[in-house]
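Structural features, examined
Here's the letter readout for the chains.
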Amino acid sequence: MNAAAPGPDGLPRCPWSLSPDELPYHDAEWGFPVADDQRLFEKVSLEAFQSGLSWRTILVKRPAFRTAFAGFDPQAVAAFDDGDVARLLADAGIVRHRGKIEATINNAARAIETAAEHGSLAAYLWGFEPAAADLGEPQTLTTSPAAIALSKDLKKRGWKFVGPTTIFAFMQAMGLVNDHVTGCVVRAEVAAARAAFTPPR
């Protein structure tokens, strides 16, 4: 998984990204640093829903997820009640898994608490940005010491469905690490974006 493969335009990319559904996401989103709390909460939530499934499955359902979960606004989701759970369990556009739905509602409340303590959810999450020396070759790891530490701290705060593998995937996607494979045409773009990015503290 650490060798680039030619995309439909002939340019090299991460091999996982070559489907029509995933290519735009890979080129424009994956790995670029994010400091927006709502986007960060959305990604944590969608990574939890991905557990046991493929990212492509979640990605094609992302518009429906956004509609179902009020755009992943933590304040709105934290206010969801049993009626909302029933509504979501009946929504064929999303993954209808009671545990993951209830975890997302729970995690919205935890996100609000975490943001209140640290100034923003972004400031808290970027505090776990790993040192480059702690990372292996791109896309050779499924977790890392920083992901394990963040997962442990989130669980201590009451978050659910935030295991180390889920959290490492979140870090890859939200730019806390640049895990585009060597040779991927987007790797340098992400490196430049990260260099120009000031992590919230």
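In what follows, the accompanying structure is described. What you see is a predicted model; the values in this text were computed from it and never measured.

Here is what the cut-offs are and how they apply
- Residues numbered from 1 in each chain as written.
- Predicted model: local features only at pLDDT ≥ 70, side-chain atom pairs only at ≥ 80, totals over all residues.
- Heavy atoms only, no water.
- 1 Å grid on protein atoms, 1.4 Å probe; cavity = no way out; pocket = protein on both sides within 12 Å on 5 of 7 lines; lining within 4 Å.
- Points joined across faces, edges and corners; volume = space filled by probe spheres on them.
- Helix = DSSP H or I, 4+ residues; strand = E, 2+ residues; numbered from the N terminus.
- Phe/Tyr/Trp six-rings, centres within 6.5 Å; stacked < 30°, edge-to-face > 60°.
- Buried < 20%, exposed > 50% of the residue type's maximum accessible area, 1.4 Å probe, protein only.
- Lys NZ or Arg CZ within 6 Å of the ring centre and 35° of its normal.
- Nonpolar A, V, L, I, M, F, W, Y, C, P; charged D, E, K, R; others polar.

1. Remarks on empty space enclosed by the protein
Inspection of the entire model under this criterion finds one cavity of 30 Å³ or more. If you trace the largest cavity, you find it lined by Y25, E29, R39, E42, K43, L46, W55, R62 and M174. Elements with a minimum of two residues in the lining of the largest cavity: helix 2 (37–50) and helix 3 (55–68). In terms of residues, the lining of the largest cavity owes the most to one element, helix 2, which gives four residues.

2. Brief notes about the packing of aromatic side chains
One pass over the full model with this rule turns up 11 aromatic pairs. Relative to W55, the ring of Y25 has its centre 5.3 Å away and its plane inclined at 45°; by these criteria the two rings are tilted. With Y25 in helix 1 (residues 23–28) and W55 in helix 3, the pair connects residues that are 30 residues apart, well separated along the chain. Considered together, Y25 and W55 belong to a single accessibility category, that of buried residues. A centroid spacing of 4.8 Å and a plane angle of 55° characterise the contact between F49 and F65, whose relative ring orientation is tilted. Placement of the pair is F49 in helix 2 and F65 in helix 3, with a sequence separation of 16 residues. Comparing F49 with F65, the two get one shared label, buried. Linked through ring pairs, F41, F49, F65, F69, F72 and F80 together constitute an aromatic cluster. The cationic tip of K43 hangs over the ring face of W55; the distance from NZ or CZ to the ring centre is 3.3 Å.

3. Some details on the layout of surface pockets
In this structure, the largest pocket encloses a volume near 510 Å³. Lining the largest pocket are 21 residues, and of these E47, Q50, W55, A169 and Q172 lie nearest its centre. At the level of elements, helix 2 and helix 9 (164–174) are the ones that each hand at least two residues to the lining of the largest pocket. Partitioned by chemical class, the residues of the lining of the largest pocket number 10 nonpolar, eight polar and three charged. By volume, the second largest pocket is sized at about 170 Å³. Taken together, P130, A132, L135, G136, P138, L176, V177, N178, D179, R187 and R194 form the lining of the second largest pocket. Within the lining of the second largest pocket, the residues separate by chemical class into six nonpolar, two polar and three charged.

4. Observations regarding unusual backbone geometry
In this structure, A70 takes a positive phi of about 55° despite not being glycine. Position of A70 relative to the elements: it lies in the loop between helix 3 and helix 4 (74–78). Accessibility expressed as a relative area gives 37% for A70, which makes it partly exposed. Even without being glycine, F161 reaches a positive phi, approximately 55°. Positionally, F161 belongs in the loop between helix 8 (145–156) and helix 9.

Limitation: the analysis is restricted to geometry and does not speak to function.
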